[in-house]
Amino acid sequence: MSRIGKKPIALPAGVKYTVTGNTALVEGPKGKVTALIPAGISLTTKDGQLLVERENDSQAAFHGLARALVFNAVTGVTTGWTKDIDIVGIGYRAELKGKNMVVFTLGYSHPIEFPLPTGIEVTIDPKQTHLVVAGIDRQRVGQVAADMRSLRKPDPYKNKGVRYTGEKLKKKVGKTGAK
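Since the model is a prediction, treat every value here as computed from it, not as a measurement.

Visitor: Explain the nonpolar core to me, please; I cannot follow it from the model alone.
Guide: Note on soluble globular proteins: their nonpolar side chains tend to be buried together. Ranked by size, the top nonpolar core spans 21 residues in total, and within it Val102, Phe104, Leu131 and Met148 carry the most contacts. Elements supplying a minimum of two residues to this core: strand E7 (81–88), strand E9 (101–105), strand E10 (112–115), strand E11 (120–124), strand E12 (130–135) and helix H2 (138–149). For this core, the element with the most residues is H2, which contributes four residues. Setting aside residues up to four positions removed in sequence, Leu131 forms contacts with Lys83, Asp84, Ile85, Ile87, Ala94, Val102, Phe104, Val122, Thr123, Ile124 and Met148. Listed in part, the 17 residues of the second largest apolar core include Ile41, Val70, Val74 and Val77.

Visitor: I tried to follow H2 on my own but got confused; where do I start?
Guide: A turn of α-helix holds 3.6 residues, and therefore any two residues three or four places apart point the same way. Taking 1.5 Å of rise per residue, the 12 residues of H2 would be expected to cover 16 Å, and the 17 Å separating its terminal C-alpha atoms lies within 8% of that figure. Val141, Val144, Ala145, Met148 and Arg149 are the residues of H2 that are buried. The arc that holds the buried residues of H2, viewed along the axis, is 140 degrees, so those residues lie on one side. Residues of H2 that are buried sit in contact with E7, E9, E10, E11, E12 and strand E13 (161–164).

Thresholds applied
- Residues numbered from 1 in each chain as written.
- Predicted model: local features only at pLDDT ≥ 70, side-chain atom pairs only at ≥ 80, totals over all residues.
- Heavy atoms only, no water.
- Core = buried A, V, L, I, M, F, W, Y, C linked by side-chain atoms within 4.5 Å.
- Buried < 20%, exposed > 50% of the residue type's maximum accessible area, 1.4 Å probe, protein only.
- Helix = DSSP H or I, 4+ residues; strand = E, 2+ residues; numbered from the N terminus.
- Contact = heavy atoms within 4.5 Å.
- Expected span 1.5 Å × (residues − 1).
- Arc of directions from axis to C-beta.

Have a look at this one:
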């Protein structure tokens, strides 16, 4: 059984939080992030650390979840979150068009324009095959990276497509020739 809910969260200097209703607003040097707090869960500060406490054991299932959501918000406003994406395939690439538009060339008959939501930055290396999606909201960064990956999922036969950096793929064997 996980005890993640009892682990204190270190509050770096310059990070403040306010709880209103069932949401916690965490402010830091990079911006503001809100985290949902389930009913019966409370946040307290004790000597520079943030503690997530529950009223009774009926909220045990949400205790670790609430702590993880607040920790993700605190980490986001201090260091931020990133997700690395690789594009594999001959002629497959991505380029920035303006400030908030990424154009993918993924072997289709047309280029794919991907608009970036607010709060998300994408940097592309000079070879145009490696992207870094960055932002302060972990859920939004992960969702944007998943949407980019879904434009052309890795093919199990040739391993071409858009994938996360370090993602392990199972390559399938093709058909054998007629004898």
